[in-house]
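Fold and contact review
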Amino acid sequence: MKGNAWASKVGFILAAAGSAIGLGAIWKFPYTTGTNGGGAFLLLFLAFTLLLGLPVLIAEFLIGRTSGKTALQAFTELGHKKYTFIGWLGVIACFLLLSFYSVIGGWVLIYIVLGFSGNLTAMSGTDLGELFATVSSSPGYAITGQLIFLIITCVIVLRGVQAGIEKMSKIMMPLLFLCFIILVIRSLTLEGAGAGIRFFIEPDFSALNRTSVLSALGQAFFSLSLGVSAMLTYASYMKERGQINRSAAWIVSLNVVVSLLAGFAIFPAVFASGLDPAEGPALLFIVLPTVFSQIQFGSLFLVLFFLLFAFASITSSIAMLEVVVSAITDRKATATFKDKKRNTVIATCLIALIGIPSALSFGIASEITWMNKTIFDWMDFTVSNILMPIGALLISFFAGFKLDRTLVEQELVTSPFMKRILPFWRFSICYLSPIAILIVLIWPLFGS
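Residues numbered from 1 in each chain as written. Predicted model: local features only at pLDDT ≥ 70, side-chain atom pairs only at ≥ 80, totals over all residues. Heavy atoms only, no water.

1. Examining the overall build of the chain
Definition in use: The secondary structure listing takes helices from DSSP runs of H or I that are at least 4 residues long and strands from runs of E that are at least 2 residues long, numbered from the N terminus. Put simply, the radius of gyration uses C-alpha atoms, and a globule should come to 2.2 Å times the residue count raised to 0.38. We call two residues in contact whenever any of their non-hydrogen atoms come within 4.5 Å of each other. Shrake-Rupley sampling with a 1.4 Å probe provides the accessible areas, and residues are treated as covered by the protein chains on show and by no other component. His is not counted, nor are the chain ends; Lys and Arg add positive charge and Asp and Glu add negative charge. Charged side chains are reduced to one point each, which is NZ for Lys, CZ for Arg, CG for Asp and CD for Glu.
Broken down by element type, the chain carries 17 helices and two strands. Computed over C-alpha atoms, the radius of gyration of the chain comes to 21 Å, within 12% of the 22 Å expected from 2.2 N^0.38 for 448 residues, which places it in the range of a compact globule. Projected onto its principal axes, the C-alpha coordinates of the chain cover approximately 60 × 45 × 45 Å. Nonlocal contacts in the chain, meaning residues at least 24 apart in sequence, comprise 83% of its contacts between residues at least 6 apart. Working note: accessible area of the chain is about 17400 Å², and carbon and sulfur atoms make up 66% of it. Between the averaged position of the 28 positive side-chain charges in the chain and that of its 20 negative side-chain charges there is a distance of 15 Å.

Next up, the structure:
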């Protein structure tokens, strides 16, 4: 992607939405909501996404679009070289994120293969739970799936992702929405679905604690790929001014819609099937086959959904790998690392190596825990609940206090209405977002 521009605004929006949506909205949102009480968590997630996520997304877009550079060069290009550490933080976060993200991506690929057999939709909830335990705990399945997922990501980046991803996004993302709508309609018509709907939309604030609040903030940033310079990198390929506001609004809207669709697809089916909404990471892999088993041609739809799910996941993984590779390639002081293809292979191998403990966390390494968290859990927690919010905090500070105001106005003030809105965005990015992020980060330190 480096050095190229998006061919169209729609292509950029769909590609960025694909990067943002990925596993965050489809896999992580349902099980995080399920383990944090349902409706109350949903309200927190929506509030954090709109009040904090959207302004920070605009801020990342601003840094990328105005500099035209990737994570490590953007701040120098804007005349603030000492803030390059923000880019480094994003690179490290992307590296760690992809190391455990690829584990779930590997599960999805394995389920695509299993789905072609038609046996998934013939299984009961108990059988599906046992199957997932086998897939996730087997070193052979887990590591093989993870490696294949990373190899696919690596090959696409090696060939250049802009033309392929942009064109594919225009087809695959609408198909993902269509498949989700079919799934939601069937899920809502299952006997006993009402309990799942109430769980998802009726807030029970007694189910929340400090960890829930932090998880909601982490989910808002995770589902929008914020604080890791991925959106900054995508925005650096925008060739025209005046695209930021509308693009950010579309991406946030699509992300929220997919998250809501995921909730309405999963939770009615969970309660209708007598499953536990707090199942955790396995939730999606147990519930989806159960729902599709009650749809005509369910096996076909299940394979199609996992294929589209895999595509959405890979679009996210491409953005993460691109951030890491660009960081290595763009460093002027290291002429040895100017070969982008070699850097892509090296980065992929290192990510795969670091990701092995996460892949084994559901099997032979499941006993390696600290504070009741496995290696996978700690990788997820560190990136989603610490690095991403801190990255978003620093990006907010830079965009609010260091980025040239003339550049900001040139990019954001595209109409009289936006001129009136600009002070509200500036207040949010300078004060509201940083203060809220700091409170939520510090809050858990004072007990549960």
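Let us keep going from here.
2. Here's the deal with the pattern of salt bridges
Threshold: A pairing counts as a salt bridge when a side-chain nitrogen of Lys or Arg comes within 4 Å of a carboxyl oxygen of Asp or Glu. Three labels apply to residues, based on accessible area from a 1.4 Å probe with only protein chains included: buried if under 20% of the type maximum, exposed if over 50%, partly exposed otherwise in between.
All told, the structure shown has two salt bridges when counted by the stated rule. Lys28 serves as the salt-bridge partner of Asp380, at 2.8 Å between the closest nitrogen and oxygen. Residue Asp380 is located in helix α15 (residues 375-402), and its partner Lys28 is located in helix α1 (residues 9-34); the two are separated by 352 residues in the primary sequence. Among the ionic pairs, Arg65 bridges to Glu411, the shortest N-O distance being 3.7 Å. In this pair, Arg65 is assigned in helix α2 (residues 39-67) and Glu411 in helix α16 (residues 405-412), connecting sequence segments 346 residues apart. Here the two residues Arg65 and Glu411 agree in accessibility, since each one is buried.

3. Considering the packing of aromatic side chains
The criterion, for reference: Pairing of aromatic side chains here covers Phe, Tyr and the six-membered ring of Trp, requires ring centres within 6.5 Å, and sorts the geometry by plane angle: under 30 degrees stacked, over 60 edge-to-face, intermediate tilted. Charges are assigned to positions over rings by a cutoff of 6 Å between ring centre and Lys NZ or Arg CZ, combined with an angular limit of 35 degrees from the ring normal.
A complete count under the given rule lists 26 aromatic pairs for this structure. The interplanar angle of 80 degrees and the centroid separation of 5.0 Å between the aromatic rings of Trp107 and Phe362 together place this pair among those described as edge-to-face. Of this pair, Trp107 sits in helix α4 (residues 84-116) while Phe362 is found in the loop between α14 (340-359) and β1 (369-370), placing the two residues 255 residues apart along the sequence. By relative accessible area, which is 25% here, Phe362 ends up partly exposed. Through pairs of rings, three or more aromatic residues link up here, namely Phe75, Tyr83, Phe85, Phe397, Phe398, Phe401, Phe427 and Tyr431. Looking at Lys373, its charged tip hangs above the ring of Trp378, at a distance of 5.5 Å from the centre. Positioned above the aromatic ring of Phe381 is the side chain of Lys373, whose terminal nitrogen or guanidinium carbon lies 5.0 Å from the ring centre.

4. Focus: the environment of Gly18
On the secondary structure map, Gly18 appears in helix α1. A C-alpha to C-alpha distance of 8.9 Å links Gly18 and Ile251, two positions 233 residues apart in sequence. Each residue touching Gly18, except ones within four places of it in the same chain, is listed here: Met173, Ala312, Thr315 and Ser316.

5. Some details on helix α12 (residues 283-292)
By the criterion of burial, α12 is predominantly enclosed, with 10 of the 10 residues buried. For α12, every residue scored as buried is listed here: Leu283, Leu284, Phe285, Ile286, Val287, Leu288, Pro289, Thr290, Val291 and Phe292.

6. Here's the deal with the nonpolar core
Operational definition: As used in this record, nonpolar core signifies buried Ala, Val, Leu, Ile, Met, Phe, Trp, Tyr and Cys residues forming a set joined through side-chain atoms within 4.5 Å.
Grouped together as the largest cluster of nonpolar side chains are 153 residues, with contacts concentrated most on Ile26 and Phe285. If one sorts the elements of this core by residue count, α4 sits on top with 18 residues. Setting aside residues up to four positions removed in sequence, Phe285 forms contacts with Trp27, Ile104, Trp107, Val108, Tyr111, Phe132 and Phe306.

7. Considering the side chain of Thr344
Looking at where Thr344 falls in the secondary structure, it is placed in helix α14. The residues contacting Thr344, other than those within four sequence positions of it, are Cys154, Val157, Leu158, Leu321 and Val325.

8. Topic: the packing of helix α6 (residues 139-159) against α14
Just so we agree on the cut-off: To get an axis, a line is fitted to the C-alpha atoms, and for a helix only the part in contact is used. The angle between two axes follows their N-to-C directions and goes from 0 to 180 degrees. When an angle is under 35 degrees it counts as roughly parallel; over 145 it counts as roughly antiparallel; between 65 and 115 it counts as roughly perpendicular; any other value is oblique. In a left-handed crossing the near helix is turned counterclockwise from the far helix by less than a right angle, and in a right-handed crossing that turn is clockwise. Throughout this entry, Asp, Glu, Lys and Arg are counted as charged residues, while Ala, Val, Leu, Ile, Met, Phe, Trp, Tyr, Cys and Pro are counted as nonpolar. The remaining residues, Gly among them, count as polar.
Direction vectors running N to C along α6 and α14 enclose 160 degrees, while the axes themselves pass 10 Å from each other. Classified by the interaxial angle, the pair formed by α6 and α14 is roughly antiparallel. Note that α6 runs across α14; the crossing there is right-handed. Residues Ala142, Ile143, Gln146, Leu147, Leu150, Cys154, Val157 and Leu158 of α6 form the contact with α14, whose participating residues are Lys341, Thr344, Val345, Thr348, Ile351, Ala352, Gly355, Ile356 and Ala359. Class assignment of the residues belonging to the contact of α6 with α14 gives a composition of 12 nonpolar, four polar and one charged.

9. Overview of helix α9 (residues 210-223)
Condition: In this analysis, the expected span of each helix is defined as 1.5 Å times one less than the number of residues it contains. For the purposes of these results, a polar contact is taken to be a pair of N or O atoms within 3.5 Å, where, inside protein, one atom must be able to donate a hydrogen and its partner to accept one; residues adjacent in sequence count only when each atom of the pair is a side-chain atom.
With 14 residues, α9 extends 20 Å from end C-alpha to end C-alpha; this agrees with the ideal 20 Å at 1.5 Å per step. In terms of burial, α9 is a largely internal element, 12 of the 14 residues being buried. Those residues of α9 not exposed but buried are Ser212, Val213, Leu214, Ser215, Ala216, Leu217, Gly218, Gln219, Ala220, Phe221, Phe222 and Ser223. Two or three places before Thr211, at the opening of α9, Asn209 has a side-chain oxygen 3.0 Å from that residue's backbone nitrogen.

10. Looking at a nonpolar patch on the surface
Selection criterion: Candidate patch residues must exceed 30% relative accessible area and have no salt bridge, after which like charges are joined if within 9 Å and Val, Leu, Ile, Met, Phe, Trp or Tyr side chains if within 5 Å.
A cluster of nonpolar side chains, namely Leu50, Leu51, Phe397, Phe401, Phe427, Tyr431, Leu432, Ile435, Ile439 and Trp443, defines an oily patch on the protein surface of about 970 Å² accessible area. Elements represented by at least two residues in the nonpolar patch include exactly α2, α15 and α17 (416-442). Of the residues forming the nonpolar patch, the biggest block, five residues, is contributed by α17. As for its position among the elements, Tyr431 is in helix α17.

11. Side note on unusual backbone geometry
The phi dihedral of Ser225 falls on the positive side, at around 55 degrees, and the residue is not glycine. Tracing the sequence through the fold places Ser225 in the loop between α9 and α10 (230-235). Taking the relative accessible area as the measure of exposure, Ser225 reaches 10% and is therefore buried. Phi is positive for Ser229, close to 70 degrees, though the residue is something other than glycine.

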